[in-house]
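Structure at a glance
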Amino acid sequence: MREKMARFMMGRCGVDQLSRALTILSLVFFLLSFTGIAVFYWLAIVVLVIGYARIMSRNIPKRYQENMKYLQATEKLRTGYRRTKTRLSQRKVYRFYHCPSCRQTVRVPKGKGRIAITCPKCRTEFIKKS
């Protein structure tokens, strides 16, 4: 069965970030349709059909361009999410401060007491408790 599916998908676009986002959006619309508003149900169906049409498409260059536009449009959101996720995973080991002059984020190890921190960007020195 896996081989048949692989042969069927040969030469097709497949799942990319935009089609994944459209599938998740259709799931959100479908869950919102339980509020009793019928328009969410139809929006879920339309978005899901568009997502699967992109997956099954054989026009790979066009789908690639669409995906790149989506990635460029969501770059700030994805970067902010990654930054927040990294900070949350490092919060037990490091403290994060902002430089008072240039607002650059500086990471210092926790538990060192009062330390002089030098900003790597503007070389301003400031004292904080780690």
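Before any of the text, the structure's been laid out above.
Here's what I pulled together on the structure shown here. The structure displayed is predicted, hence computed values, not measured ones.

Each value, and the rule that gives it
Residues numbered from 1 in each chain as written. Predicted model: local features only at pLDDT ≥ 70, side-chain atom pairs only at ≥ 80, totals over all residues. Heavy atoms only, no water. Patch = residues over 30% accessible without salt bridge, like charges linked within 9 Å, V, L, I, M, F, W, Y side chains within 5 Å. Areas by Shrake-Rupley, 256 points an atom, 1.4 Å probe, with all protein chains shown as cover. Salt bridge = Lys/Arg side-chain N within 4 Å of Asp/Glu carboxyl O. Helix = DSSP H or I, 4+ residues; strand = E, 2+ residues; numbered from the N terminus. Buried < 20%, exposed > 50% of the residue type's maximum accessible area, 1.4 Å probe, protein only. Core = buried A, V, L, I, M, F, W, Y, C linked by side-chain atoms within 4.5 Å. Contact = heavy atoms within 4.5 Å. Expected span 1.5 Å × (residues − 1). Polar contact = N/O pair within 3.5 Å; in protein donor to acceptor, adjacent residues only side chain to side chain. Disulfide = S-S within 2.5 Å. Axes fitted to C-alpha atoms, helices over the stretch in contact; angles between N-to-C directions. Parallel < 35°, antiparallel > 145°, perpendicular 65-115°, else oblique. Left-handed = near helix turned anticlockwise from the far one by under 90°.

A surface patch of nonpolar side chains, about 840 Å² in accessible area, is lined by Leu27, Phe30, Leu31, Phe34, Tyr41, Trp42, Ile45 and Val49. Counting residues per element, the ones that place at least two in the nonpolar patch are α2 (17–32) and α3 (38–56). Sort the elements by how many residues they give to the nonpolar patch and α3 lands first, with 4 residues. Residue placement: leucine 31 occurs in helix α2. The exposure class of leucine 31 is exposed, given its relative accessible area of 52%.

This paragraph deals with the nonpolar core. Core analysis: the largest hydrophobic core is formed by 7 residues, namely Tyr97, Cys99, Val106, Val108, Ile117, Cys119 and Phe126. Those residues in contact with valine 108 that lie beyond four places of it in its chain are Val93, Tyr94, Arg95, Tyr97, Ile115, Ile117 and Ser130.

For the rest of this paragraph, the subject is the pattern of salt bridges. According to the stated counting rule, one finds 6 salt bridges in the structure shown. Of the charged contacts, one joins glutamate 3 and arginine 7 as a salt bridge, the two residues approaching to 3.2 Å between their closest N and O atoms. You can see glutamate 3 and its partner arginine 7 sitting in helix α1 (residues 2–9), 4 residues apart, about one turn around the helix. In this pair, the class of glutamate 3 matches that of arginine 7, namely exposed. Close ionic contact of glutamate 75 with arginine 78 constitutes a salt bridge, the shortest N to O distance being 2.8 Å. Separated by 3 residues within a single helix, glutamate 75 and arginine 78 lie in helix α5 (residues 75–90), roughly one turn from each other.

The subject of this paragraph is the environment of proline 100. Positionally, proline 100 belongs in the loop between β1 (94–98) and β2 (105–109). On a C-alpha basis, the gap between proline 100 and cysteine 119 in space is 9.2 Å, while along the polypeptide they are 19 residues apart.

For α3, built from 19 residues, the straight-helix expectation of 27 Å at 1.5 Å per residue is met to within 8% by its first-to-last C-alpha distance of 28 Å. Those residues of α3 that are buried lie in contact with α1, α2 and α4 (60–73).

Another aspect to go through is the side chain of asparagine 67. Along the chain, the position of asparagine 67 falls in helix α4. One polar contact links asparagine 67 to glutamine 17, side chain to side chain, over a distance of 2.9 Å. In this structure asparagine 67 touches Asp16, Gln17, Leu18 and Arg54, once residues within four positions along its chain are discounted.

Quick look at the state of the cysteines now. A complete count under the given rule lists 0 disulfides for this structure. No disulfide involves cysteine 122; its sulfur sits 3.6 Å from that of cysteine 99, the nearest cysteine.

The packing of two helices is summarised by the inter-axis angle and the distance between the axes. Viewed as axis vectors pointing N to C, α2 and α3 meet at an angle of 165 degrees, and their least axial separation amounts to 8 Å. The orientation of α2 relative to α3 falls into the category roughly antiparallel. Read as a crossing pair, α2 and α3 show a hand that is left-handed. Two secondary-structure elements touch here, α2 through Leu18, Ser19, Leu22, Thr23, Leu25, Ser26, Phe29, Phe30 and Leu32 and α3 through Phe40, Tyr41, Leu43, Ala44, Val47, Leu48, Ile50, Gly51, Arg54 and Ile55.

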